[in-house]
Amino acid sequence: MTSTHPAPSPGGSPLVASALTKVYGTAEATTHALAGVSLTVHPGESLAIMGPSGSGKTTLLHCLAGILTPTSGSVAWRGEDVATLSDARRTVLRRNDFGFVFQSGQLLPELPAVENAALPLMLAGTSRAEATAVAARWLAHLGLAGMEQRRPGELSGGQAQRVAIARALVGSPGVVFADEPTGALDQSTGSEVLDVLTHATRASGAALVIVTHDAGVARHCSRTVTMRDGRISGEFYAPGTKAAPASAAVQHAVPAPPATSSEGAR
Ligand SMILES: Nc1ncnc2c1ncn2[C@@H]1O[C@H](COP(=O)(O)OP(=O)(O)O)[C@@H](O)[C@H]1O
Ligand SMILES: [Mg+2]
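Residues numbered from 1 in each chain as written. Chains lettered and ligands numbered in written order. Predicted model: local features only at pLDDT ≥ 70, side-chain atom pairs only at ≥ 80, totals over all residues. Heavy atoms only, no water.

Q: Could you clarify how one ought to interpret the site of ligand 1 in this entry?
A: Contacts to ligand 1 come from Y24, T31, A33, P52, S53, G54, S55, G56, K57, T58 and T59. G54 places a main-chain nitrogen or oxygen 2.7 Å from an oxygen atom of ligand 1. In this structure, G56 approaches ligand 1 through a main-chain N or O atom, which is 3.1 Å from an oxygen atom. Of all the elements in the fold, those that place two or more residues in the shell around ligand 1 are β2 (30–41) and α1 (57–64). Among the elements that take part in the shell around ligand 1, α1 stands out by supplying three residues, more than any other. (Near = heavy atom within 4 Å. Polar contact = N/O pair within 3.5 Å; in protein donor to acceptor, adjacent residues only side chain to side chain. Helix = DSSP H or I, 4+ residues; strand = E, 2+ residues; numbered from the N terminus.)

Here it is in structure tokens:
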């Protein structure tokens, strides 16, 4: 079994899933997508979830992120059980505490890159001017300076995923969730995007949970868990990673990060 409880958390709170099960379907045809998963995501760590198609990765990610309600079990985050919150409260939590990067197609085609990236801030009530200023800094930080006004259709797949990464990070989330974020990209572009995603997330201080079937991803992450048939079947740490790394100290190493100071404005 897993022995480890990686070292001192750098300040934030962990996301703790306990004994999660998820059963899809009716009495006639049921699928036990999760068969008892317990997992702690430590503040600032980067965690890859790997496993064959159908092993329950997406279901686990969605339960962790409050997108899906598990059949049983709990997901504790900052003193609340994500699994049993009201829909309204969960929506707020997803918007304020979590960031998301999906495989593709998640940008709004009619909005320029900068507005796509700024969306979570605007939804949370930040003024348009300020939200787009923060988003533009993130885009620049992720290598997209000069492309702020392009619409998603005018970006390459890798560039579009960088916009999605900016959007996931603008709101200073505690955890970023990514489901096969490079699944639609060729290998070298995918690898670049992963680099950007892992570095930017780490620098922002957020934890990263990334679902993938690409073994290369594990190299970018501090820890990998493997899934099989709805259970965690293995866990390993990247070479040289003794403990959950990612300290708040790195936070100042990057130019971009977000608008915490503006939170006084509702
Ligand atoms: N909405 C759903 N309704 C019924 N079965 C589902 C649904 N979503 C996923 N499943 C089933 O649950 C299992 C796990 O799926 P999923 O979590 O998507 O796995 P992965 O992401 O590892 O491919 C699979 O057998 C899948 O067919
Ligand atoms: Mg999946």
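Having seen the structure, we can now continue with the description.
Q: Is there a simple way to think about the confidence of the model for the protein chain in this case?
A: Detailed reading of the predicted model is not advised wherever pLDDT is low. When the pLDDT values of the protein chain are averaged, the result is 86; 86% of them are 70 or greater. Taken together, the stretch residues 1–10 has pLDDT below 50 and engages in 14 contacts with residues farther than four places along the chain or on a different chain. Throughout residues 244–266 the model reports pLDDT below 50, and contacts reaching past four residues in sequence, or to other chains, amount to 34 contacts. (pLDDT = per-residue confidence, 0-100. Contact = heavy atoms within 4.5 Å.)

Q: Mind showing me how you'd approach the sheet that holds strand β5 (residues 80–81) here?
A: Backbone hydrogen bonds are what pair the strands of a sheet, in a parallel or an antiparallel way. Pairing is antiparallel across the open sheet formed by four strands, whose spatial order is β2-β1-β4-β5. Here the strands that pair on one side only, and so sit at the sheet edges, are β2 and β5. In the sheet, strand β1 (residues 15–25) pairs with β2 via nine bridges, with the strands oriented antiparallel. Paired with T21 across the bridge in β2 is A35. (Pairing = 2+ DSSP bridges.)

Q: What am I meant to see in the packing of helix α3 (residues 113–123) against helix α4 (residues 128–141) here?
A: The relative placement of two packed helices is expressed as an angle between their axes plus a distance between the axes. Two numbers describe how α3 lies on α4: the axes approach to 8 Å, and their chain directions differ by 120°. By the angle class used here, α3 and α4 are oblique. Of the two possible hands of crossing, α3 and α4 adopt the one that is right-handed. In this structure, α3 uses A113, V114, E115, A117, A118, L121 and M122 to contact α4, whose residues at the interface are R128, A131, T132, V134, A135, A136 and L139. Of the residues contributing to the contact of α3 with α4, the split by class is 11 nonpolar, one polar and two charged. (Axes fitted to C-alpha atoms, helices over the stretch in contact; angles between N-to-C directions. Parallel < 35°, antiparallel > 145°, perpendicular 65-115°, else oblique. Left-handed = near helix turned anticlockwise from the far one by under 90°. Nonpolar A, V, L, I, M, F, W, Y, C, P; charged D, E, K, R; others polar.)

Q: Just to check I follow, could you spell out the layout of surface pockets for this structure?
A: A volume near 390 Å³ is recorded for the second largest pocket. Taken together, 15 residues line the second largest pocket, and the ones lying closest to its centre are R94, R95, F100, P120 and L123. Secondary-structure elements contributing two or more residues to the lining of the second largest pocket are α2 (87–97), β6 (98–101), α3 and α5 (157–169). If you tally residues by element for the lining of the second largest pocket, the top one is α2, at four residues. Residues that form the lining of the second largest pocket fall into these classes: eight nonpolar, four polar and three charged. (1 Å grid on protein atoms, 1.4 Å probe; cavity = no way out; pocket = protein on both sides within 12 Å on 5 of 7 lines; lining within 4 Å. Points joined across faces, edges and corners; volume = space filled by probe spheres on them.)

Q: Mind showing me how you'd approach the sheet that holds strand β3 (residues 46–50) here?
A: With respect to topology, six strands assemble into an open sheet ordered β6-β7-β8-β3-β9-β10, the strand pairing being mixed. Taken across any chain shown, the strands that pair with only one partner, and hence form the sheet edges, are β6 and β10 (231–237). Between one strand axis and the next, the sheet turns through 20° on average, direction left out of account. In the sheet, β3 pairs with strand β9 (residues 223–228) via four bridges, with the strands oriented parallel. Pairing of M50 across the sheet is with T226, part of β9. Across the sheet, helix α6 (residues 187–204) is in contact with β3, β6, β7 (175–179) and β8 (207–212); its angle to β8 comes to roughly 155°.

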